[in-house]
Amino acid sequence: MMQPSPLAEAITRDLLIAEAYTWARRIGVADRLQEVHVRPMRRKWASISTRGRLTLSSDLLRQPAAFRREVLVHELVHLKLGHGLHNALFYALVRAYCSSEGQDTKEKHPTLALNRNH
Ligand SMILES: [Zn+2]
């Protein structure tokens, strides 16, 4: 699962946590995001509890920025709309937030995200 050589854009866990809080502010759920944890996760890239506890896979530290963004936005939109909700509105919001920055990464939508994300 781990890459043999780290990507050039690998980041620290502090930066990943900072990204999570930045996105929470953009999405308007900063008041609901209580905790952010980074730890090894076997089956998911991230998860979020109804109480606002966000857990991020440490594998994200070695993923491209666009992918990290997609995972963070996905989880935080759950905090906004509800858990386990994957309807059209959910995906429309995720797309809108993900495309609001980084126009150079138009359609980076790794399919493995859908399997590991919940
Ligand atoms: Zn989800």
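Quick note: structure is the one above.
Owing to the predicted nature of the structure, the values given are computational and were not obtained by experimental measurement. (Residues numbered from 1 in each chain as written. Predicted model: local features only at pLDDT ≥ 70, side-chain atom pairs only at ≥ 80, totals over all residues.)

Undergrad: Help me understand the environment of Ile 48, please; the structure alone is not making it clear to me.
TA: When you line up the elements, Ile 48 lands in strand β2 (residues 46–48). Looking at Ile 48, the number of C-beta atoms within 10 Å reads 24, which means it is buried. Distance from Ile 48 to His 78, taken between C-alpha atoms, is 7.8 Å for residues 30 residues apart in sequence. Those residues within four positions of Ile 48 in sequence are excluded, and the remaining contacts are Arg 53, Leu 54, Glu 75, His 78 and Leu 79. (Helix = DSSP H or I, 4+ residues; strand = E, 2+ residues; numbered from the N terminus. Buried ≥ 20, exposed ≤ 12 C-beta atoms within 10 Å, placed from the backbone. Contact = placed C-beta atoms within 7 Å.)

Undergrad: I would appreciate a short explanation of the pairing of strand β1 (residues 35–39) in the present structure.
TA: Taken residue by residue, a regular strand's side chains alternate between the two faces of the sheet. Burial along β1 is one-sided: Val 36 and Val 38 are buried, and none of Glu 35, His 37 and Arg 39, which face the opposite way, are. With 5 bridges joining them, β1 and strand β3 (residues 53–57) adopt parallel strand pairing. Bridging from a neighbouring strand, Val 38 pairs with Leu 56 of β3. (Pairing = 2+ DSSP bridges.)

Undergrad: In this structure, what is going on with the environment of Trp 23? I would like to understand it.
TA: Within the secondary structure, Trp 23 sits in helix α1 (residues 13–27). C-alpha of Trp 23 to C-alpha of Leu 72: the two residues are 49 residues apart in sequence and 7.2 Å apart in space. Leaving out residues up to four positions away in the same chain, Trp 23 has contacts with Leu 72, Val 73 and Leu 76.

Undergrad: Even after reading the chapter, I still don't get the packing of helix α2 (residues 65–81) against helix α3 (residues 88–99), so can you show me in this structure?
TA: When two helices pack together, you describe them by how their axes are tilted relative to each other and by the distance separating the axes. At their nearest, the axes of α2 and α3 sit 9 Å apart, and the two run at 135° to each other. Taken together, α2 and α3 sit at an angle that is classed as oblique. Between α2 and α3 lies a crossing whose hand is right-handed. Along the contact surface, α2 presents Arg 69, Glu 70, Val 73, His 74, Val 77 and Leu 81, while α3 presents Leu 89, Phe 90, Leu 93, Val 94, Tyr 97 and Cys 98. Considering only residue class, the contact of α2 with α3 consists of 9 nonpolar, 1 polar and 2 charged. (Axes fitted to C-alpha atoms, helices over the stretch in contact; angles between N-to-C directions. Parallel < 35°, antiparallel > 145°, perpendicular 65-115°, else oblique. Left-handed = near helix turned anticlockwise from the far one by under 90°. Nonpolar A, V, L, I, M, F, W, Y, C, P; charged D, E, K, R; others polar.)

Undergrad: It is not clear to me how the sheet that holds β1 should be interpreted in this structure. Could you clarify?
TA: Hydrogen bonding along the main chain pairs the strands of a sheet, whether they run parallel or antiparallel. Strand order in the open sheet made by the 3 strands is β1-β3-β2, with mixed pairing throughout. The outermost strands of the open sheet, each flanked by one partner alone, are β1 and β2. Direction aside, neighbouring strands of the sheet carry axes that sit 15° apart on average. For β2 and β3, the ladder comprises 3 bridges, and the chain directions are antiparallel. For Ile 48, the partnering residue across the bridge sits in β3 and is Leu 54. Most of the contacts of α1 go to β1, to which it runs at about 145°, and overall it touches β1 and β3.

Undergrad: What am I meant to see in the nonpolar core here?
TA: Within soluble globular proteins, side chains that are nonpolar generally end up buried alongside one another. Membership of the largest hydrophobic core comes to 24 residues, with the highest contact counts inside it found for Ala 20, Leu 56, Val 73 and Leu 76. Broken down by secondary-structure element, the contributors of at least two residues to this core are α1, β1, β2, β3, α2 and α3. With 6 residues, the single largest contributor to this core is α2. Contact partners of Leu 76, with chain neighbours within four places excluded, come to Trp 23, Ala 24, Ile 27 and Val 29. (Core = buried A, V, L, I, M, F, W, Y, C linked by C-beta atoms within 7 Å.)

Nothing here speaks to function; it is all geometry.
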